[in-house]
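One-letter residues, chain by chain:
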Amino acid sequence: SPNNQTQIDVCNDSDVVVYNSPYTQSHYVDKITSKSVMIPLGTDFNKFKPLNENFSEELGILPNSILFIGANNTTPKGFDIMEQIIDNTNYNFCLVMKDGYISNNPRVKVFNRVGHDVLIKIMNSCQLLVCTSREETLHLAGVEAGACGLPIVTSNVGIYHNLPSGKWGRLVNTLNYEDFITEINYVK
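Residues numbered from 1 in each chain as written. Predicted model: local features only at pLDDT ≥ 70, side-chain atom pairs only at ≥ 80, totals over all residues. Heavy atoms only, no water.

Trainee: Where do I start with the pairing of strand β4 (residues 93-97) in this structure?
Mentor: Working note: regular strand, side chains alternate between the two faces of the sheet. Most of β4 sits inside the fold, with 5 of its 5 residues counted as buried. The side-chain alternation of β4 yields two buried faces, one formed by F93, L95 and M97 and the other by C94 and V96. Pairing of strand β3 (residues 66-70) with β4, which is carried by 5 bridges, proceeds in the parallel orientation. Pairing of I69 across the sheet is with V96, part of β4. Two strands pair when backbone bridges link them, and β4 and strand β5 (residues 108-112) are joined in this way by 5 bridges, in the parallel orientation. Among the inter-strand pairings, L95 is bridged to a residue of β5, identified as V110. (Buried < 20%, exposed > 50% of the residue type's maximum accessible area, 1.4 Å probe, protein only. Helix = DSSP H or I, 4+ residues; strand = E, 2+ residues; numbered from the N terminus. Pairing = 2+ DSSP bridges.)

Encoded structure:
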């Protein structure tokens, strides 16, 4: 926590402080005086990659689905924003959840707690990934989805913090669902 003085003291007494993302570092920029480096969590790019195969039919994923990976909570994952996006568009969605979430929406396919082999098939069957998180130190799911060739529409968190929109995807600087929809429409 950026307000934990004991943690800050330990960091300032260290030879080097390692951050996992620009977002995490931004919380400590005025508090940590030690040398610092950024080392994001590793991703297995031999495993997470475009497969040039669509598994939609096999997995029951609707055509051109938008992918969300996370949990049904407001903080940190911003699932309330994701629900507003679903409710205010006619797009299909694929949700990979870790909390037993269920949806009765006919435009939403839900998976709960899937292994990496299935997750890679899901990523290769969707059109883009959305990250609506309010807090995210890295967002490994987005890095893995990007490795599979998916563009990302994301809030200003984690590895994407203050990253200019580009080939990788689109940065949304607000937590307003309408701004996410604008960027989703840009990518689609």
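Trainee: Help me understand the nonpolar core, please; the structure alone is not making it clear to me.
Mentor: Taken as a class, soluble globular proteins show a tendency for nonpolar side chains to be buried jointly. Grouped together as the largest cluster of nonpolar side chains are 23 residues, with contacts concentrated most on L67, I69, I122 and M123. Counting residues per element, the ones that place at least two in this core are β3, β4, α5 (116-123) and α6 (140-147). With 4 residues, the top contributor of residues to this core is α5. Setting aside anything within four residues of it in sequence, one finds M123 in contact with F48, L67, I69, A141, E144, A145, C148 and L150. (Core = buried A, V, L, I, M, F, W, Y, C linked by side-chain atoms within 4.5 Å. Contact = heavy atoms within 4.5 Å.)

Trainee: Sorry, what's going on with the sheet that holds β4 here?
Mentor: Each strand in a sheet pairs with another by means of backbone hydrogen bonds, the pair being arranged parallel or else antiparallel. An order of β5-β4-β3-β6-β7-β8 is seen for the 6 strands of this open sheet, with the pairing classed as parallel. For this open sheet the edge positions go to β5 and β8 (169-172), each flanked by a neighbour on one side alone. Here the average twist between neighbouring strands, direction ignored, is 20°. Bridge count between strand β7 (residues 152-155) and β8: 4 bridges; the pairing is parallel. Across the sheet, T154 pairs through a bridge with L171, a residue of β8. Lying over the sheet, α5 contacts β3, β4 and β5, oriented at roughly 150° with respect to β3. (Axes fitted to C-alpha atoms, helices over the stretch in contact; angles between N-to-C directions.)

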